[in-house]
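Chain by chain, the residues run as shown.
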Amino acid sequence: MPRLTDLPGIISLLGRVTIGHIFTPRLKYTVRQRIDALPLNKAPLTDAIKIHWNKYLIPFIEAKNERDLAVGLGVTHAHLRLGQIEFLKYVSQGRVSELLGPIANNIDHTLRVLDLGRTSKESYEAMPESTQQWMQGYTDGINYVVDNLVAHKALWPEEFQILNVQPTPWTVYDLLTLARLNCADFTWGMWPKLLPLRKRKDWSALWQHLMNFGGGPPLPPGDVINNAQALEWLSGLFGKPGGSNALAIHRDKSASGSAMLSGDPHLPMVLPSFWMLGGLHCPTLKTVGYMLPGLPAVMVGRGNHIAWGGTSMHAASSDLFDVSEQPQNSFISRKERITTRWGLDREVLLRDSDYGPLITDAPMFGDSKSSPTADKYAFRWVGHQVSGEISAMLNAARSNNFSEFQIALKEFAVAGQNMVYADKDGNIGQVMAARLPKRPSERPNDVVLAVDDHRHWDDMLDSSRLPTRYNPEEGFVASANNKPEVGADVLVSCFFSPDDRVERLKAELIAAERIDKQLLTALMTDVKSDTGIELRNAMLALAGNDNSAAYQCLAVWDGQYTTDSAGALAFEFLLYYFALALHGKADMEVMTVSWDPRSLLFADIAHCPPSELRRAIDAALPKCEVALAKYQTWGAIHRLRMSHPMAALPILGKRWRFGESAVAGANETLMKSAHGFARGKHYVGMSSTARYFFDLGHVDSNWFTMLGGQDGCPGSAAYTDQIELWNREEMLQIPLDLATVVDTYEHCVVIRP
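These numbers come from a predicted model, not from an experiment.

Novice: Describe unusual backbone geometry, with residues and values.
Specialist: L271 connects to P272 through a cis peptide bond whose omega is -10°. Along the chain, P272 falls in the loop between β4 (260-268) and β5 (276-282). V414 connects to A415 through a cis peptide bond whose omega is -20°. You can see A415 is positioned in the loop between α13 (402-408) and β14 (417-423). Of note in this structure, K42 is not a glycine but carries a positive phi near 55°. Inspection of the secondary structure puts K42 in the loop between α2 (31-36) and β1 (49-53). One non-glycine residue with positive phi stands out, namely Q632, at about 75°. On the secondary structure map, Q632 appears in the loop between α21 (610-631) and β21 (638-643).

What follows is the structure, encoded as structure tokens:
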């Protein structure tokens, strides 16, 4: 809750935003006009570069050397997404108060404790010279754009015109700190849900239950869990973690006779998208694919010889350690000043221990300074170590074979990825790209560890010491954030995704005699839930014969989460009201803490007394009847809203909403559209936001589409233009061959030194 002293700053912020909206009209731009707005002369180049553009404003950069190629990439990223990356720069450095005033002080304090830029300087110094030059070239490209618009407010990003904040120059350290923001650990999103439950008297049994039915190795039996007092975390600070599906098909299983690779990343639905598309071409680096704004590397893409995609490992790259009993003089303290717009600057105390920063000093994680006896938890994160993700992805793009691909990923530390591979010779593989402490493979006995467990961080494992797969007998590899097919002898994660998606993928691929593009693209839009049918059957068996409309609707449901499905609507209401009747409101938090509440319901059905189960189903079915009468179909309540973060503003937010529609899918369908327990109309949070397909038999068979558009300028024709493609289940082609690009791309500009 804001402090009383923050009130003048909040009023000033609201006034600034209101005035900014009034005096910043939204201008409309064609693709040609956006291209013409690029600066073209006196760029920080050694030779001229060409940037080819297609009608979706996707650039293909042609340069004579890698440094100039990096400059061109920085120019295009800044031109298309400067508002997005500029805001993320402030966030990553804990400087949001400079934009929004005292209302952001606690956010900044928390971000200062997390210290995302802790090793930015050391990581840059550890880079090979070629990567340093690449990073500097990319930075120079961003600054070239900033320098050419800074004196002309009308050219600033619309968001920054409204806030009346001038874009600022960048350094390579800014970029590396921003990269760490993109590497926020999956487990950070789980702790806010789990830690408050540690106050419960039944915490030990509850943790055991969650681990046994959470999709991974069970706890060792007989361990006693210390019920230390929980932290009060703010859920949702870092948003929902990413998911994804990724597949690679061996040449012998492929209808084309070539290896194929496809997938669809799952991330929060927001405009502009988290993704950008582009192509890069110089004598030593040729690649196309998806990039993250502000990061100069292709994260999902295709090179001359190989293609790669990936899914989040949900890696346990962080640990919490209880340092409450450590001597006070063992903590190293420092003070930092938070510069605050429309308010007094704030000085904050930050403390470090031998086990990492004290995260309990952060107000959004439970401020322990209020009491000397309060619990103190230190935070150890792989992201606080020197690593080389940019070098890893650049070298992956240059790789000629699986061995080189593995070696390239050795420096990749966070956030852990299951990298899926295919090459032009028809081979496929999978690599665990991560750095993990050598902890025992069993799940820990608590989310907060004793300091003795810190010893496992003395030995760190990289991708060369983690399991890989290469040309498996089944002819494909599939990853969907699930527990790895090949077990590791270390703890990888406490919370893998359920096996719903990966088992669905495997069943469809095994059933196909030969796999083609049509099947792989169809899987990206598949919304059938096989486990939904299994759970429906188990729940209806509890009800016996029932002639109600709800029962009959559920009985004939085919497991499809289409927008016109009445069965999907009834089933989702059944899940909620069955769980509510069985557990009561007080225990519903237990059902929502798990990544896989359906597994918990299966466990309930297997272990709860039949009388309680029958009582719960009898209470739930009439609620489904009411929902069917009121809403009729799944699409009536399951909605996708295309919006910018500023859409959260009262009244003014309407300007930042770009449409709403019914959306198919659910939490664990292949086409993901995540939601909580359904009790009425709701908006999808994390969802499938991008698609890709590569056929390694043809250098130009590279197909993509994003849920949104390429441009970050809200008035641009390319802001939401790919939504139509998305809805038609089509993709656009980005060639790798330069001659094809020259022949097919509609526009080209030359930027000169």
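Novice: So what's going on with the sheet that holds strand β10 (residues 332-338)? Which residues, and what values?
Specialist: Pairing between the strands of a sheet comes from backbone hydrogen bonds, and it takes one of two forms, parallel or antiparallel. Overall, antiparallel pairing links the three strands, which are arranged β10-β11-β12 in an open sheet. Sheet topology places β10 and β12 (356-357) at the edges, where each strand pairs with a single neighbour. Two elements, β10 and strand β11 (residues 346-353), share seven bridges in a ladder whose sense is antiparallel. Its bridge partner lying in β11, K335 is registered against L349.

Novice: Explain the sheet that holds β21 to me, and be specific about the residues and the numbers.
Specialist: Spatial ordering of the open sheet is given by β22-β21-β23, a layout of three strands whose pairing is mixed. With partners counted over all chains shown, the strands left at the sheet margins are β22 (657-662) and β23 (682-683), one partner each.

Novice: Summarise the nonpolar core; cite the residues concerned and give the values.
Specialist: With 194 residues, the main nonpolar core has W134, Y290, F405, M539 and F578 as its most contacted residues. Here the element with the most residues in this core is helix α18 (residues 566-583); it accounts for 13 residues. Sequence-distant contacts of W134, defined by excluding residues within four places in its chain, comprise E66, L69, A70, L73, L280, L285, P296, I390 and L394. The next biggest cluster of nonpolar side chains, apart from the first, holds 18 residues, and it includes L509, L519, L520 and M524.

Novice: Please set out a nonpolar patch on the surface residue by residue, giving values where relevant.
Specialist: Residues L4, L7 and I11 make up a contiguous nonpolar surface patch of about 340 Å² in total accessible area. The topology assignment puts L4 in the segment before α1 (7-23).

Novice: Break down helix α16 (residues 530-543) for me, citing the residues and quoting the values.
Specialist: Its 14 residues place the ends of α16 21 Å apart at the C-alpha level, agreeing with the 20 Å of an ideal helix rising 1.5 Å per residue. Where the residues of α16 are buried, they touch α14 (500-511), α17 (549-555), α18, α20 (597-607) and α21. Structurally, the start of α16 carries an N-cap: the backbone nitrogen of G532 is 2.9 Å from a side-chain oxygen of S529. G544 sits one or two positions beyond α16 and adopts a positive phi of about 70°.

Novice: Provide a residue-level description of the pattern of salt bridges, including the pertinent values.
Specialist: On inspection of all chains with the given rule, the structure shows 38 salt bridges. Linking E125 and K121 is a salt bridge whose minimum nitrogen-to-oxygen distance equals 2.4 Å. Of the two residues, E125 and K121 both sit in helix α6 (residues 120-126), four residues apart, roughly one turn of that helix. R504 is the partner of D526 in a salt bridge, and the nearest nitrogen-oxygen pair spans 2.9 Å. With a gap of 22 residues between them, D526 in the loop between α15 (517-524) and α16 and R504 in helix α14 connect regions that are remote in the sequence.

Novice: Any details on the state of the cysteines? Residues and values, ideally.
Specialist: All chains considered together, the criterion is met by zero disulfides. We note that C624 lacks a disulfide partner, and the nearest cysteine sulfur, in C553, lies 9.0 Å from it. C624 sits in the buried class, given a relative accessible area of 0%. This cysteine, C748, is not joined by any disulfide, and C282 carries the nearest cysteine sulfur, 16 Å off.

Novice: Can you tell me about the environment of E62, naming the residues and giving the values?
Specialist: Its location among the elements puts E62 in strand β2 (residues 59-62). Measuring from C-alpha to C-alpha, the distance between E62 and M135 comes to 18 Å, with 73 residues separating the pair along the chain. The residues contacting E62, other than those within four sequence positions of it, are I49, K50, H52, H281 and L738. Within the structure, the side chain of E62 is placed 2.9 Å from the side chain of H52, a separation counted as a polar contact.

Novice: Before we move on, could you go through the packing of aromatic side chains and cite the residues and values that matter?
Specialist: By the definition in use, this model includes 20 aromatic pairs. Seen in terms of ring centroids, Y290 and F704 are 5.3 Å apart; in terms of plane orientation they differ by 90°. Their pairing is edge-to-face. Of this pair, Y290 sits in strand β6 (residues 285-291) while F704 sits in strand β26 (residues 702-706); the two residues are 414 residues apart in sequence, bridging distant segments of the chain. The two residues Y290 and F704 agree in class, both being buried.

Novice: Which residues make up the confidence of the model for the protein chain, and what values go with them?
Specialist: Per-chain confidence: the protein chain averages 90 in pLDDT, with 93% of residues scoring 70 or above. In the predicted structure, residues 215-241 sits below a pLDDT of 50 and forms 75 contacts with residues beyond four places in sequence or in another chain.

Thresholds applied
- Residues numbered from 1 in each chain as written.
- Predicted model: local features only at pLDDT ≥ 70, side-chain atom pairs only at ≥ 80, totals over all residues.
- Heavy atoms only, no water.
- Helix = DSSP H or I, 4+ residues; strand = E, 2+ residues; numbered from the N terminus.
- Pairing = 2+ DSSP bridges.
- Core = buried A, V, L, I, M, F, W, Y, C linked by side-chain atoms within 4.5 Å.
- Buried < 20%, exposed > 50% of the residue type's maximum accessible area, 1.4 Å probe, protein only.
- Contact = heavy atoms within 4.5 Å.
- Patch = residues over 30% accessible without salt bridge, like charges linked within 9 Å, V, L, I, M, F, W, Y side chains within 5 Å.
- Areas by Shrake-Rupley, 256 points an atom, 1.4 Å probe, with all protein chains shown as cover.
- Salt bridge = Lys/Arg side-chain N within 4 Å of Asp/Glu carboxyl O.
- Expected span 1.5 Å × (residues − 1).
- Polar contact = N/O pair within 3.5 Å; in protein donor to acceptor, adjacent residues only side chain to side chain.
- Disulfide = S-S within 2.5 Å.
- Phe/Tyr/Trp six-rings, centres within 6.5 Å; stacked < 30°, edge-to-face > 60°.
- pLDDT = per-residue confidence, 0-100.

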